[in-house]
Amino acid sequence: MRKPLMAGNWKMNKTLTESIPLIKELINLVGTYQDTETVICPPFTSLWVARELIQDTNILLGAQNLYFQKEGAYTGEISARMLQNIGCSYVILGHSERRGYFQESSAEVAQKVQEALIFNLKPIICVGEKLREREAGKAQDIVREETEAIFTVLKPAEVDRVVFAYEPIWAIGTGKAATPRDANEMIQYLRSLLVHKYGERVAEDTRILYGGSVNPENIKALMAESDIDGALVGGASLQAESFARIVKFKEKE
Ligand code: PGA
């Protein structure tokens, strides 16, 4: 059984001062909740305070990026070792905003995945197509290319430590989520790639999230699908109440 996972991607939002009340409120709402694995991914500047606040709760910490070198003269970058040391369990890698605005290639994302695994961070690996690629009937090709680039570095024994997130770019921050059916179809396709490369058992154990305009209203329908194991949540994770409702999608409201 794959335990549902809800990860809040705060992106470049919330100062240190603003992070504290948000985390405290979230702890009040879901700090002891066990049916969903709950992860918050604040900006680097709030990781330390988040780690201090969430200790002794069920909330886990994630980062939004890392650099694949161990240490050294890489001004402005953060290493996997630093993230491990500050208390991160997860790290989002290959988000479309990184691929788009910062020209991250799939090969670079793969290197980052490798580095994360060395330091026991669980990568949440994002893949997904642009609107024009979907319209051109190329959505699966894009997802396959981005996923297979990761397969080149991922050993069979490591697959249970990674999470994939299917995030169609046209659905991110637009309020237009993919339909549960379309999201599930692509996630099933991604799982079939895992079956092909690593076998049935590994593929069945690997969690694949959906991301793109997830909110408290659409989460139940998404989670009712066979292959959607959770969500990577942007905008709706910036308010404790809405993120908590997503985390508690199983509960009656
Ligand atoms: P959104 O972002 O929920 O604001 O659409 C999702 C993401 O980019 O991970």
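The structure under discussion appears in the preceding block.
In this text, all values refer to a predicted model and were calculated from it rather than measured experimentally.

Conventions and cut-offs
Residues numbered from 1 in each chain as written. Predicted model: local features only at pLDDT ≥ 70, side-chain atom pairs only at ≥ 80, totals over all residues. Heavy atoms only, no water. Buried < 20%, exposed > 50% of the residue type's maximum accessible area, 1.4 Å probe, protein only. Helix = DSSP H or I, 4+ residues; strand = E, 2+ residues; numbered from the N terminus. Pairing = 2+ DSSP bridges. Contact = heavy atoms within 4.5 Å. Polar contact = N/O pair within 3.5 Å; in protein donor to acceptor, adjacent residues only side chain to side chain. Axes fitted to C-alpha atoms, helices over the stretch in contact; angles between N-to-C directions. 1 Å grid on protein atoms, 1.4 Å probe; cavity = no way out; pocket = protein on both sides within 12 Å on 5 of 7 lines; lining within 4 Å. Points joined across faces, edges and corners; volume = space filled by probe spheres on them. Nonpolar A, V, L, I, M, F, W, Y, C, P; charged D, E, K, R; others polar. Near = heavy atom within 4 Å. Areas by Shrake-Rupley, 256 points an atom, 1.4 Å probe, with all protein chains shown as cover. Phe/Tyr/Trp six-rings, centres within 6.5 Å; stacked < 30°, edge-to-face > 60°. Lys NZ or Arg CZ within 6 Å of the ring centre and 35° of its normal.

S.K.: Can you tell me about the pairing of strand β6 (residues 163–166), naming the residues and giving the values?
M.R.: Covered by surrounding structure in β6 are Val-163 and Ala-165 together with Phe-164 and Tyr-166, the residues of both alternating faces. The sheet contact formed by strand β5 (residues 122–127) and β6 spans four bridges and is parallel. By the bridge assignment for β6, Cys-126 is matched with Ala-165. Where β6 and strand β7 (residues 207–211) come together, four bridges link them in parallel fashion. From the neighbouring strand, Ala-165 faces β7, where its bridge partner is Leu-209.

S.K.: Give me the lowdown on the environment of Asn-65, citing residues and values where you can.
M.R.: Here Asn-65 shows up in the loop between β3 (59–63) and α3 (80–86). A C-alpha to C-alpha distance of 8.5 Å links Asn-65 and Lys-112, two positions 47 residues apart in sequence. Sequence-distant contacts of Asn-65, defined by excluding residues within four places in its chain, comprise Phe-44, Leu-83, Val-91, Ile-92, Leu-93, Arg-98, Glu-104 and Lys-112. Side chain to side chain, Asn-65 and Lys-112 meet in a polar contact 2.8 Å long.

S.K.: Which residues make up the sheet that holds strand β1 (residues 5–9), and what values do they have?
M.R.: Taken in spatial order, the eight strands of this closed barrel run β1-β2-β3-β4-β5-β6-β7-β8, and their pairing is parallel. The average angle at which neighbouring strand axes cross in this sheet is 25°, direction not considered. Taken strand by strand, helix α5 (residues 106–118) contacts β4 (90–93) and β5, and its axis lies near 175° from that of β4. Sheet strands touched by helix α7 (residues 139–151): β5 and β6. Its angle to β5, the strand with the most contacts, is close to 155°.

S.K.: Report on the layout of surface pockets, specifying residues and quantitative values.
M.R.: Of the volumes computed, that of the largest pocket is approximately 510 Å³. The wall of the largest pocket is formed by 19 residues, among which Lys-11, Met-12, Gln-64, Arg-98 and Phe-102 lie closest to the centre. Considering every element that reaches the lining of the largest pocket, the biggest residue donor is helix α4 (residues 96–101), with three residues. The residue inventory of the lining of the largest pocket, partitioned by class, reads ten nonpolar, five polar and four charged. Empty space within the second largest pocket amounts to approximately 340 Å³.

S.K.: Go over the site of the ligand with me, naming the residues and quoting the values.
M.R.: Around the ligand lies a shell of 13 residues, among which Lys-11, His-95, Glu-167, Gly-173 and Ser-213 are the nearest. Measuring from an oxygen atom of the ligand, one finds a backbone N or O atom of Ser-213 at 2.7 Å. Within the backbone of Gly-235, a nitrogen or oxygen atom sits 2.8 Å from an oxygen atom of the ligand. Coverage of the ligand by the protein amounts to 95% of the 280 Å² it exposes when considered alone. Here the shell around the ligand is composed, by residue class, of four nonpolar, seven polar and two charged.

S.K.: Before we move on, can you summarise the packing of aromatic side chains with the specific residues and values?
M.R.: Think of a pair of aromatic rings as described by two things: how far the centres are apart, and how the planes are tilted against each other in angle. All chains considered together, the criterion is met by six aromatic pairs. Between Tyr-101 and Phe-102 the ring centres are 6.4 Å apart and the planes differ by 80°, which places this aromatic pair in the edge-to-face class. Taking the relative accessible area as the measure of exposure, Tyr-101 reaches 64% and is therefore exposed. Overall, the relative accessible area of 49% leaves Phe-102 in the partly exposed class. Residue placement shows Arg-98 over the ring face of Phe-102; its charged tip is 4.2 Å from the ring centre. Over the face of the ring belonging to Tyr-198 we find Lys-197, whose NZ or CZ atom lies 6.0 Å from the ring centre.

S.K.: Help me get a handle on the side chain of Ser-242, residues and values and all.
M.R.: Mapped onto the secondary structure, Ser-242 falls in helix α11 (residues 240–247). Within the structure, Ser-242 has its side chain in polar contact with the backbone oxygen of Ala-236 (distance 2.7 Å). Those residues in contact with Ser-242 that sit more than four places away from it in its chain are Pro-216 and Ala-236.

Function-wise, these values are silent; they only describe arrangement.
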